[in-house]
Amino acid sequence: MSPRPRPLKALALTTGMALALGLAPLATAAPALAAPDGSSVVINEAYLKGGSANAPFNRKFVELYNPTTASVSLAGWSLQYRSATGAGQFSAAELAGTIAAGGYFLVAIPGNGTTGADLPAPDASASLNPSGTTGTVLLSNGAEPLTLAPGSIPAGTPGVVDLLGYGASNTFETTVAPVTGTNPTPNSLARTAGVDTDVNAADFSTQTTVTPQNSGGTGTDPGPEPEPQPEPTPEADVTVAQIQGATGTSPLVGRTVTTRGVVTATYPTGGLDGYVIQTPGTGGALDLATHVASDALFVYSASTASSVAVGDYVEVDGTVTEFFGLTQITVTGAASLRALDASTVAAPQAATVALPATDAQRETLESMLVLPQGEFTVADTYTTNQYGEVKLASGDRPLIQPTEVARPGSPGYAAVVADNAARAVTLDDGATTNFFTAANQSIPLPYLSNENPVTVGASVAFTKPVVFDFRNSAWKYQPTARLTGDTAYGDLPVTFEDIRTDAPREVGGDLKLASFNVLNYFTTTGDQLRGCTFYTDRAGAPVTVNSGCDARGAANAENLARQQVKIVTAITALGADVVSLEEIENSARFGEDRDSALATLVGALNAAAGSEVWDYARSPEALPANEDVIRLAFIYKKAVAEPVGGSTILTGSAAFSNARQPLAQAFRPVGGDAGSTFVAIANHFKSKGSGSGPDADQGDGQGGSNGSRVNQANALVAFAAEREAAAGTDKVFLLGDFNAYSQEDPIEVLRQAGYVDLGSTGTDEYSYVFSGLSGSLDHVLASPAAAEAVTGVDIWNINSGEGIGLEYSRFNYNAEQLYQPDQFRSSDHDPVVVGVSLLAAPVDPAPPVTDPGTTPGAGAGAGAGPTVPGAGPGAVTPGTTAPTADGSLAFTGSAPLAGWLALALVLMAMGGTVLVVRHRASRMG
């Protein structure tokens, strides 16, 4: 392929430029960042959208230009890339060859797809994966990957020859170069008139004609601008249904056609860059058995999307394409769009159909206006706060992890997989917005709110028509216009049932036992350790630890207080008397007493209760030789339960070399006798996310490290028998996060040993949601005698089904502030609570010293929060409360610092100012 004529973008050589370097080669030079004087090689054009829909070329490229009068050897040089939010090493691809004086050098990069023509013969290839819209490309005179601090890179930075930060990148020369359009928008970033001023925003501009140039051209005379191309001449006048065809791929792909339809949806902003047209009079009460081709079509046309409105009748000329499975027509320029008289045709109607179960039937509705019929249920909210989408399931239940209800590899397993596929669909927001990108964090999130919660398991009612389309390998219901958090709830196309509850269901018994994963509750915050890197909010403030150190939780005390108040609120409202905790800090790893973090949490619970309600089981003297940075623990209400003897940790077990060793503690109800004693054993098995060799993922739905979890289950059975005998009881409860769903091998081992999985009997609730599928990783299993004493079981769904945007870890990630000091999304696992009747003659527990206050729940107002000293109705101050002269309140008394921090957080949320005058206590962490 011969070089194409190119626009004027290479600076003509001047005498000054030639004299700056003389005739010396640059191969051994160590140039500074960029070269405003034309003394070094520069990045001249970056085309990073190659292979995407509408792409002129099927590969990406970076074109280099040598403005000097001497050739430059690129041996030992590299082209490097780092993502827009990256802070570590760049990815590097080594270069070779020579770039002639006044010449170009074309580096080819793999494309996003196969759309477009081949590049001119490249001079080099780089195995990089740059984003088409945001990132940093770097030309280095060394082969080793560089590590640069985010921000403006100063001139003279070693190893940096030239650098281009584009889109929303955090690394750039002075200011970042803006990018126009998403990947399907065909354009490149080209150096403006060849000038390099070390300012990316000034030096690069969007070029709609992409012009790759290899070393075959000298570049000293770039040639004239290309002649304007005429509008494409349509080959045929066809209907929308003819374009769609009867299969998943249009029979007219690649052809330029004319068609017409009524506009049913418009997306001029948000990244979809187009609109939908539908044949007049179609839709309504369709029979999918006889409906063979869709009557609607997505029009990809950034240039005309703002020129149409819903209800317009239009005629368009464009090229038929398949955009990752979505049939569309690409319309370029106003001349290819013509308005027709809408009064002469019947408007299309929303098809009143249920979600089709097969892809073949769904294809017949692609891009059509529909009003979905039948029941729908929220299946997942994990990506809602990033992409503005809610995963749904048709029917009255969410999508289920196959191994939750069927053994791996069984016919039942295959049936659940097929059922999930038939019922899955995504409710989208009419945009491609990534709300984690800095440029989009000021846009309020759609769907998620505390006033109208969206929770897995809630029913969904469609109140307005939506467009049925296919994007990101998923069938979606799109609103007819882009949604944001500014869209009123009543203007959404759906309503969501509120299924939140203030407390678990009543489970009876004279003692309640529970398991709670506290999501890496660390009182050793990241700012106390060296090497920690952080996830940051939209203002750049640290929120949680990312990596680089042993801490796993909050970045600082402020975020710890946000995390803690949610956990305290949840445990308080849980109503349990003995609670096993998973993922709490092992403080011994930080040179403190092993129970330090645990004591802090108990102190916060007591501060919220207003008295010494809670205590914890102390660590035993005998500890494993090697422990994880997270551990297991027990807390209990002193007026209801009492420990019998000390706690015991399983030691010397090779099975738990890669997991947390089980913790056993015997308890009995206060006033009970030896016959009411039971053993509780807290567990946290190896996770599913990794494993090699025998632990490699076998593809049977059980994930990685299943062999390790089976070994741990067998070791637990032996440990439980030992502790049962030591305690002189036949009542044993195994609690915690087993990282195994109810029908997987580790739980089957425990069942075969005689234990009853209480959570999988008599409840339709699940404790965890992963990849849109619900199941229980958290279990309470009982020995036969313990199972006979069980009076009720509940999985309290306050965490796994709630949007992660509500977590403390996402505080101030978006203009829509979702964090609240309540129990919802206090963790990613739901607590399990079990009622147990242990007393032969029931003894009323000692009455609580204080009213624990109101727990926020369904319908709670914006000001609702946890009960803390001096805050909320019924709360009791641990000291005194008195008004001061200026009308503020002064609190005095003794309480753990964590309790006062919780109070301070609530007061600040209410608009107050907090001043800590004096505090005498041990270190909070």
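Structural data are supplied above this passage.
Below: a short report on this structure. In this text the structure is predicted, and so the values were computed from the model without any measurement. (Residues numbered from 1 in each chain as written. Predicted model: local features only at pLDDT ≥ 70, side-chain atom pairs only at ≥ 80, totals over all residues. Heavy atoms only, no water.)

Where charged atoms from two side chains of opposite charge come close, those side chains can pair. Here the structure, examined in full by the defined rule, presents 31 salt bridges. The partner of Arg191 in a salt bridge is Asp196, and the shortest N-O contact between them spans 3.4 Å. Across the pair, exposure class does not vary: Arg191 and Asp196 are buried alike. Note that Arg260 is salt-bridged to Glu315, the shortest N-O span being 2.7 Å. Within this pair, whereas Arg260 is found in strand E16 (residues 256–267), its partner Glu315 is found in strand E19 (residues 313–323), the two being separated by 55 residues in sequence. (Salt bridge = Lys/Arg side-chain N within 4 Å of Asp/Glu carboxyl O. Buried < 20%, exposed > 50% of the residue type's maximum accessible area, 1.4 Å probe, protein only. Helix = DSSP H or I, 4+ residues; strand = E, 2+ residues; numbered from the N terminus.)

In this section: the environment of Leu574. Structurally, Leu574 is set in helix H8 (residues 557–574). Residue Leu574 is classed as buried on the basis of its relative accessible area of 3%. Separated by 249 residues in sequence, Leu574 and Gln823 have C-alpha atoms that sit 9.6 Å apart.

Glancing now at the packing of H8 against helix H9 (residues 596–609). For the pair H8 and H9, the least separation of the axes is 10 Å and the interaxial angle reads 65 degrees. Taken as a pair, H8 and H9 cross one another with a handedness that is right-handed. Residue-level inspection shows Gln564, Ile567, Val568, Ile571 and Thr572 of H8 in contact with H9, the latter providing Thr600, Leu601, Ala604, Leu605 and Ala608. Broken down by class, the residue content of the contact of H8 with H9 amounts to seven nonpolar, three polar and no charged. (Axes fitted to C-alpha atoms, helices over the stretch in contact; angles between N-to-C directions. Left-handed = near helix turned anticlockwise from the far one by under 90°. Contact = heavy atoms within 4.5 Å. Nonpolar A, V, L, I, M, F, W, Y, C, P; charged D, E, K, R; others polar.)

So, on to the sheet that holds strand E35 (residues 630–637). Across the sheet, six strands lie side by side as E34-E35-E33-E30-E45-E44; this open sheet has mixed pairing. Every interior strand has two partners, whereas the edge strands, strand E34 (614–616) and strand E44 (790–795), have only one. Neighbour-to-neighbour, the strand axes of the sheet open up by a mean angle of 20 degrees, direction not taken into account. Two strands pair when backbone bridges link them, and strand E30 (residues 511–521) and strand E33 (residues 578–585) are joined in this way by six bridges, in the parallel orientation. Within E33, the residue paired with Tyr521 across the bridge is Ile584. Sheet strands in contact with H8 are E30, E33, E34, E35 and strand E45 (832–836), and its direction is about 165 degrees off that of E30. (Pairing = 2+ DSSP bridges.)

What follows covers empty space enclosed by the protein. If you walk through the whole model with that rule in mind, you get seven cavities of 30 Å³ or more. Taken as a whole, the second largest cavity encloses approximately 80 Å³ of empty space. In terms of lining residues, the second largest cavity is bounded by Ala46, Tyr47, Leu48, Lys49, Gly132, Tyr166, Val179, Thr180, Asn187, Ser188, Leu189 and Thr206. Counting residues per element, the ones that place at least two in the lining of the second largest cavity are strand E1 (42–47) and strand E13 (188–191). Grouping the amino acids of the lining of the second largest cavity by side-chain chemistry returns six nonpolar, five polar and one charged. (1 Å grid on protein atoms, 1.4 Å probe; cavity = no way out; pocket = protein on both sides within 12 Å on 5 of 7 lines; lining within 4 Å. Points joined across faces, edges and corners; volume = space filled by probe spheres on them.)

Bringing the pairing of strand E32 (residues 542–547) into the picture now. Where strand E31 (residues 533–536) meets E32, four bridges bridge the pair, whose relative direction is antiparallel. Residue pairing across strands places Thr533 opposite Ser547, the latter belonging to E32. Hairpin connection between E31 and E32: a loop of five residues separates the two successive antiparallel strands, and Gly540 in this loop has a positive phi of roughly 85 degrees.

A few words now on the state of the cysteines. Within the structure shown, the criterion is met by one disulfide. A disulfide bridge connects Cys532 with Cys549, and the sulfur atoms are separated by 1.9 Å. Judged by the sign of its S-S torsion, about 105 degrees, the cystine formed by Cys532 and Cys549 is right-handed. Of this pair, Cys532 sits in the loop between E30 and E31 while Cys549 sits in the loop between E32 and H8, and the two are 17 residues apart along the sequence. (Disulfide = S-S within 2.5 Å.)

Read from one edge to the other, the open sheet built from six strands follows the order E36-E37-E38-E39-E43-E40, with strand pairing classed as mixed. Each edge of the open sheet carries a strand with a single partner, namely strand E36 (641–649) and strand E40 (756–757). By the bridge criterion, five bridges tie strand E39 (residues 732–737) to strand E43 (residues 778–782) in an arrangement that is antiparallel. Its bridge partner being in E43, Asp737 is matched across the sheet by Asp778. Along the sheet, helix H10 (residues 706–727) contacts E36, strand E37 (660–669), strand E38 (678–684) and E39; its crossing angle with E38, the most-contacted strand, is approximately 155 degrees. Relative to E43, helix H11 (residues 745–752) is tilted by about 10 degrees, and along the sheet it contacts E39, E40 and E43.

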